[in-house]
Amino acid sequence: MKKLLLLISLILISVTSNAAATATELEGSFKTGPAIILIMVLVTFILVGILFRAKDTSDYYAAGRSISRVGSGMAIASNWMSAASVLGMAALMFGMGYHGLAYVVGWTGGYVLLLILMAGQIRKYGKYTAPDFIGDRYYSQGLRVVAAIIAIFISISYCVGQFGGIGLMFKWILGIDYLLAVIIGAGVILCYTLISGMLGVTKNMQVQYIIIATSFLIPLFILLFKYDYFWLIPPIGYGSVVSDIVAGVPLNESKELFNIYGHPFSIVSSPEYVMPWAESSGGTFFQWMVIVFSLMIGTAGLPHVLQRFYVVPNPRDARWSVVWGLFFICIIYWTAPVYAAFGKMFAAHPEVGTLPVDAIVVYTAQLGNVNPLIVGLLAAGAVSAAFSTTSGLLVAGASAFSHDLYVKVINPEATAKKQLLIARIGTVLMAVIVTFIAMLELALIAELVALAFSLAGCTIFPLFLLGIWWSGSNKQGAVAGLIAGSVVSLISLTYFITGRLGVMLPYHDFVNYWLGAWYFAWVGAPLAIIVNIIVSKLTKPTPLEVRKFLVEQVHL
């Protein structure tokens, strides 16, 4: 692997002199340097997938349970550093200011919740997938099937945002149509996910995190240094950038610094940028709080996140992998707001025009006149972020399709070879569905991802929380709670989809505000938990062997 990375570095150096003069148009041009970097990054993914490809079902589903704490932490961070994190967070803060920080707080807090409540216990239970846990814990094949279908649906909805991010980056680099860019990106993702399974994907995620972190931080150091802010620690320099946005930077104090178009580095006073509930943010205090809540519990219910705890050797490593994961995640999360702030500065001039918000990270570096190759590396890092998350989602969905539906329900006698075939068929089907939905461009990347979190928070999270910590939760309670959470989800999604299609159902504004597609879990999750508890109390107790296993194997 070290030789492979060294070879890539040498090739990058060799093409610098020829590609540095690449066109710097914001839209509609083929960018040679960035394209070379992107192709090399994608080739690296394929090579890593081949070198560490899955040899059996244990490798495909759980990476042979051989991943170290730090390696798993890097994979968790890479898996988490989706297009919603690398592109979407800056986009939200660029457009909403302070209100966009709700997504940072919610997503980070979700991993703290996982560390405290679930990581070690999930590994102790010893299953491969989230539906596998639910089916076994609640002694129900029906629940296993429903959980598998929900896991697939969550994976698909989460993937849509990632495919959208890939499409935007391919469009920017290659100068091609968005729809074609999505199709090309989907094809590349399929190649190495099908070859490698979870083992190759986990190894890829470690490489991808290095690419993501490097590509994300280098342009920030350059921008902060170039525009005379404290650059050694970007979050400190960020404070000064925000202060300048609030106070304004007059033309005569711009120190003759310009963006790529020659516009002076200046901005009129914009105090609303830091006002928590300013009208321009598009959000209220209520929405800020429920978004944080929904994202936190949604994080603890995402199948592809829960599946990361199955790849480490033991429960202690599962907990430490979360700690390392949070460390690696924070490196990116603490710096993402800087792109939003600089984007606010650079795009202030009216001649810049309206830029695609979801790609503001790349446009910020480009407007800041950063070397085209470095901007290309940043775009490749954004693609890496989308790829790392998408691969984990496709494997989680394929595992639910093959392991939980086909093997556990349809054909228990299936050979390992047959299981891998079914998993790969499931991967292809999911990718095709996601590609078509991504072409519709329903919402911002981070918003589409938040939808998946709310769905997970209403369905998977209550089953795991009560299934792990309350032995009294039984099959009947789980079914009732799942129905309650699903009904809330269905109502919210129906109003969201019909609204996007131009159909206004009764009480449209009321439902969209109180059960918004990004945060309906604030109602669905507590309702599912309460219904689960009430029905469990009124029906036949949990079997003794399940209670005994929880006490002796999971809670110790």
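Fair warning: this is a prediction, and the values are worked out from it, not measured in the lab.

S.K.: Run through the overall build of the protein, naming residues and quoting values.
M.R.: For the protein, the helix and strand inventory stands at 23 helices and 0 strands. For the protein, the proportion of its 556 residues judged to be buried stands at 60%. For the protein, restricting intrachain contacts to residue pairs at least 6 apart in sequence, the fraction spanning at least 24 positions comes to 84%. Carbon and sulfur atoms provide 70% of the accessible area of the protein, an area that totals close to 20700 Å².

S.K.: Go over the packing of aromatic side chains, please, and point to the residues and values.
M.R.: Tallied over the entire structure, the rule returns 23 aromatic pairs. The interplanar angle of 20 degrees and the centroid separation of 6.0 Å between the aromatic rings of Y98 and W288 together place this pair among those described as stacked. Of this pair, Y98 sits in the loop between α5 (83-96) and α6 (101-117) while W288 is found in helix α12 (residues 285-299), placing the two residues 190 residues apart along the sequence. Y98 sits in the partly exposed class, given a relative accessible area of 30%. With centroids separated by 4.9 Å and ring planes inclined at 50 degrees, the aromatic side chains of F216 and Y339 adopt a geometry described as tilted. One end of the pair, F216, is in helix α10 (residues 178-226); the other, Y339, is in helix α15 (residues 336-346), and 123 residues separate them in sequence.

S.K.: Quick one: what's the story with the packing of α6 against helix α19 (residues 445-469), residue by residue and with numbers?
M.R.: Two numbers describe a pair of packed helices, the interaxial angle and the distance between the axes. Between α6 and α19, the shortest axis-to-axis distance is 13 Å and the interhelical angle comes to 20 degrees. Looking at the two axes, α6 sits roughly parallel to α19. Where α6 crosses over α19, the two elements pack in a sense that is left-handed. Between α6, through Y103, W107, L113 and L117, and α19, the contact on the second element is made entirely by A446, E447, V449, A450, F453, F461, L465, I468 and W469.

S.K.: Talk me through a nonpolar patch on the surface; I want residue IDs and the actual numbers.
M.R.: Side chains of F225, F230, W231, L232, I233 and I236 sit close together on the surface and give an oily, nonpolar patch of about 610 Å² of accessible area. Summarising the element assignment, L232 is placed in the loop between α10 and α11 (234-247). For L232, a relative accessible area of 53% translates into the label exposed.

S.K.: Pulling in residues and values, what's your account of unusual backbone geometry?
M.R.: The phi dihedral of D228 is positive, around 65 degrees, even though this residue is not glycine. Turning to its location among the elements, D228 is positioned in the loop between α10 and α11. A positive phi angle, near 60 degrees, is found at N369, a position not held by glycine. As for its position among the elements, N369 is in the loop between α16 (360-367) and α17 (372-410).

S.K.: How would you sum up empty space enclosed by the protein? Please name residues and give values.
M.R.: A full pass over the atoms with the stated rule returns 1 cavity of 30 Å³ or more. Looking at the largest cavity, its volume works out to about 60 Å³. Every residue along the wall of the largest cavity is listed here: F258, N259, H263, P264, F265, S266, M345, F346, A348 and H349. Of the residues in the lining of the largest cavity, the class split is 6 nonpolar, 4 polar and no charged.

S.K.: Now, about helix α9 (residues 141-174): what can you tell me, with residues and values included?
M.R.: End to end, α9 covers 47 Å across 34 residues, agreeing with the expected 50 Å (1.5 Å per residue, within 8%). The buried fraction of α9 amounts to 26 of the 34 residues, a majority that puts the element mostly inside the structure.

S.K.: Got a sec to walk through α19? Specific residues and values, please.
M.R.: With 25 residues, α19 ought to run about 36 Å at 1.5 Å a step, and its terminal C-alpha atoms sit 34 Å apart, in line with that. Taken as a whole, α19 carries its principal kink of about 45 degrees at G457. Most of α19 is tucked away: 24 of the 25 residues are buried.

S.K.: Which residues make up the confidence of the model for the protein, and what values do they have?
M.R.: In the predicted model, the protein carries a mean pLDDT of 81, and 85% of its residues have values of at least 70. No element of the protein has a lower mean pLDDT than helix α1 (residues 2-19), which averages 44, and none a higher one than helix α22 (residues 521-538), which averages 97. For residues 4-24, every residue scores under 50 in pLDDT, and the model assigns this stretch 25 contacts once sequence neighbours within four places are set aside. A low-confidence stretch, residues 58-66 stays under pLDDT 50, and its non-local contacts, those more than four residues away or across chains, total 42 contacts.

S.K.: Which residues make up the side chain of S157, and what are the values?
M.R.: With respect to the helices and strands, S157 occurs in helix α9. Within polar-contact distance, the side chain of S157 engages the backbone oxygen of I154 at 2.9 Å.

About the thresholds
Residues numbered from 1 in each chain as written. Predicted model: local features only at pLDDT ≥ 70, side-chain atom pairs only at ≥ 80, totals over all residues. Heavy atoms only, no water. Helix = DSSP H or I, 4+ residues; strand = E, 2+ residues; numbered from the N terminus. Buried < 20%, exposed > 50% of the residue type's maximum accessible area, 1.4 Å probe, protein only. Contact = heavy atoms within 4.5 Å. Areas by Shrake-Rupley, 256 points an atom, 1.4 Å probe, with all protein chains shown as cover. Phe/Tyr/Trp six-rings, centres within 6.5 Å; stacked < 30°, edge-to-face > 60°. Axes fitted to C-alpha atoms, helices over the stretch in contact; angles between N-to-C directions. Parallel < 35°, antiparallel > 145°, perpendicular 65-115°, else oblique. Left-handed = near helix turned anticlockwise from the far one by under 90°. Patch = residues over 30% accessible without salt bridge, like charges linked within 9 Å, V, L, I, M, F, W, Y side chains within 5 Å. Salt bridge = Lys/Arg side-chain N within 4 Å of Asp/Glu carboxyl O. 1 Å grid on protein atoms, 1.4 Å probe; cavity = no way out; pocket = protein on both sides within 12 Å on 5 of 7 lines; lining within 4 Å. Points joined across faces, edges and corners; volume = space filled by probe spheres on them. Nonpolar A, V, L, I, M, F, W, Y, C, P; charged D, E, K, R; others polar. Expected span 1.5 Å × (residues − 1). Bend = angle between axes of the 7 residues up to and from the residue. pLDDT = per-residue confidence, 0-100. Polar contact = N/O pair within 3.5 Å; in protein donor to acceptor, adjacent residues only side chain to side chain.

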